[in-house]
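What the coordinates show
Residues per chain are reported as follows:
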Amino acid sequence: MRSEFLAYLAALAHGVAAQSGLPPTVPSNAQVTKLATLPRESWTIDQPFTEGATRDPATGDVYFVDQNSNKILKWSVSQNKLSTFMHPAGYSNGMTFDKNGKLIACADERNQLWEISTNVTKSVPWPTPANPSVGARGSGNVVLPEWTVIMDGKYNGKQLGGPNDVWAMPDNSLYFTDPYWSRRWWPSGRQNQQEVNTVYRLSPDRKTLTRALADFKTSDGKAGSPNGIIGSPDGKTLYVAAFQGPGSGGGETYAYDVGANGALSNRRLWAQFGSDGMTMDNQGNMYMTAPVSRAGVTVVSIATGRQVGFIPVPESPANLAFGGVDQSTLYITARTGFYSVKTNVKGAHLVK
Ligand SMILES: *[C@@H]1O[C@H](CO)[C@@H](O)[C@H](O)[C@H]1NC(C)=O
């Protein structure tokens, strides 16, 4: 009896250690490697802030932003090299690839969604900034990736709060989170015009914008701030993270069933963790950004919503994505840095 109890305590202690150690999906000798440190550019007053990591399904290359310098960057996995993909870039924030291989970006400068080509460029007059007192103002023409505004930044004729992160569904519809964080690249004095900050859906033909959730409350009944968003590979479940909230791991994340015409139902509190960006592996785990005080990636079992491990990162991550030719490297955007760690698994949303 007593020895059984001791064995139980030992198992419990082991469980706790396993949760706070590296997850089983990362080799025990794995190193989190810094691939790049972003410079503070002359046209910004802020430190770089890397965000929006996503991978090109055709190549495994990883795209991410430094929102503060108004750039989209590209990490080439074949050349192990970082380059500027787009600047200016509409102060893009969260991004994802859609099923047609187009890069979809939350272009925060005017609260729009953009669809960006990875392989066609055009020469355009330098784009007019929304707030003329902020940022680089080029002159003449600039060669940029070809892009289209697919959502004009308004719902019911009123300015959105600020699309933050976006997910492309198998049917080509897009879901995005719309919190409100005032930005210095917005025209000064801009107020939140929406009565709720929630989740929206853009229809598969990209013509109709609907509120996917009437509101977005955390489990204590307070208005939550929706942030990270991701769908299961079959498109049947959508996960939305509340950046802050009463969850014991910081924030909360909810799961929803995705029904006909994209209706979301059966909301459940899936995990006691929130996240900025998040990503999934093909073994049933979610990778979530831990609160700033913990600086790392919280790995959570999708089946149970419980932590199965933790990957410490030198700076506090804001987003992450599986990439690389075989999709088994986890790339992490964290403050001024861009990091990677090799894993034993692959991303859930596999390369074609
Ligand atoms: C450009 O990229 C898209 C999406 O990956 C692809 O379908 C298309 O064939 C590419 N076009 C060229 C000219 O490489």
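The rules behind these values
- Residues numbered from 1 in each chain as written.
- Predicted model: local features only at pLDDT ≥ 70, side-chain atom pairs only at ≥ 80, totals over all residues.
- Heavy atoms only, no water.
- Phe/Tyr/Trp six-rings, centres within 6.5 Å; stacked < 30°, edge-to-face > 60°.
- Helix = DSSP H or I, 4+ residues; strand = E, 2+ residues; numbered from the N terminus.
- Buried < 20%, exposed > 50% of the residue type's maximum accessible area, 1.4 Å probe, protein only.
- Pairing = 2+ DSSP bridges.
- Axes fitted to C-alpha atoms, helices over the stretch in contact; angles between N-to-C directions.
- Core = buried A, V, L, I, M, F, W, Y, C linked by side-chain atoms within 4.5 Å.
- Contact = heavy atoms within 4.5 Å.
- 1 Å grid on protein atoms, 1.4 Å probe; cavity = no way out; pocket = protein on both sides within 12 Å on 5 of 7 lines; lining within 4 Å.
- Points joined across faces, edges and corners; volume = space filled by probe spheres on them.
- Nonpolar A, V, L, I, M, F, W, Y, C, P; charged D, E, K, R; others polar.
- pLDDT = per-residue confidence, 0-100.
- Salt bridge = Lys/Arg side-chain N within 4 Å of Asp/Glu carboxyl O.

What follows deals with the packing of aromatic side chains. By the definition in use, this model includes 14 aromatic pairs. With a centroid separation of 5.5 Å and 65 degrees between ring planes, the pair formed by Y63 and F97 is classed as edge-to-face. In this pair, Y63 is assigned in strand β3 (residues 62–66) and F97 in strand β6 (residues 92–97), connecting sequence segments 34 residues apart. Comparing Y63 with F97, the two get one shared label, buried. One aromatic cluster is present, built from ring pairs that chain together F64, W75, Y331 and F338.

This part takes up unusual backbone geometry. Between H87 and P88 the backbone carries a cis peptide bond, its omega angle lying at 0 degrees. Relative to the elements of secondary structure, P88 occurs in the loop between β5 (81–86) and β6. Here the phi dihedral of A295 falls at roughly 45 degrees; this positive angle occurs in a residue that is not glycine. If you trace the backbone, A295 turns up in the loop between β21 (285–289) and β22 (296–301). Even without being a glycine, R335 presents a positive backbone phi close to 55 degrees. Inspection of the secondary structure puts R335 in the loop between β25 (329–334) and β26 (337–342).

What the four strands build is an open sheet, ordered β16-β17-β18-β19; its pairing is antiparallel. The open sheet has two edge strands with one neighbour each: β16 (226–231) and β19 (264–271). On average, each strand axis in the sheet is inclined to that of its neighbour by 25 degrees, with strand direction left out of account. With five bridges connecting them, strand β18 (residues 252–258) and β19 associate as antiparallel partners.

A few words on the nonpolar core. The biggest cluster of nonpolar side chains holds 29 residues, and the ones touching the most others in it are Y175, L238, Y239, W270 and M286. Elements with a minimum of two residues in this core: β16, β17 (237–242), β18, β19, β20 (278–280) and β21. The greatest single-element share of this core, amounting to five residues, is contributed by β17. Beyond its immediate stretch of four places on either side in the chain, W270 contacts Y239, T253, Y254, A255, M286, M288, V300, S301, I302, T304 and G305. Counting residues in hydrophobic clusters, the runner-up holds 17 residues, among them A107, W114, V124 and L144.

With that settled, the discussion passes to the layout of surface pockets. Here the largest pocket defines a volume of roughly 570 Å³. Taken together, 36 residues line the largest pocket, and the ones lying closest to its centre are R55, T96, F97, W167 and H349. Sorting the residues of the lining of the largest pocket by element identifies β2 (50–55), β6, β12 (165–168), β16, β20 and β24 (317–323) as the ones contributing at least two each. Of the residues belonging to the lining of the largest pocket, the class tally is 19 nonpolar, twelve polar and five charged.

The subject of this paragraph is the environment of K99. As for its placement among the helices and strands, K99 is situated in the loop between β6 and β7 (103–107). For K99 and S173, which are 74 residues apart along the polypeptide, the C-alpha to C-alpha distance reads 9.8 Å.

On average, residues of the protein score 93 in pLDDT, and 94% of them reach the 70 mark or higher. The low-confidence segment residues 1–18 (pLDDT under 50) makes two contacts with residues lying over four places distant or belonging to another chain.

Let us now look at the pairing of β6. In terms of burial, β6 is a largely internal element, six of the six residues being buried. Here four bridges tie β6 to β7, and the two strands are oriented antiparallel to one another. Bridge pairing in β7 links S92 to A107. Between the end of β6 and the start of β7, which pair antiparallel, lie five residues, with G101 showing a positive phi angle near 80 degrees.

Before going further, it helps to examine the pattern of salt bridges. For the structure shown, the criterion picks out 14 salt bridges. Across the salt bridge formed by E115 and K102, the nearest N and O atoms sit 3.7 Å from each other. Here the residue E115 occupies a position in strand β8 (residues 112–125), and K102 occupies one in the loop between β6 and β7, the gap between them amounting to 13 residues. Classification of E115 as buried rests on a relative accessible area of 17%. On the basis of relative accessibility, which here comes to 29%, the residue K102 falls in the partly exposed class. Among the charged side chains, a salt-bridge network with shared partners connects D98, K102, E115 and R206.

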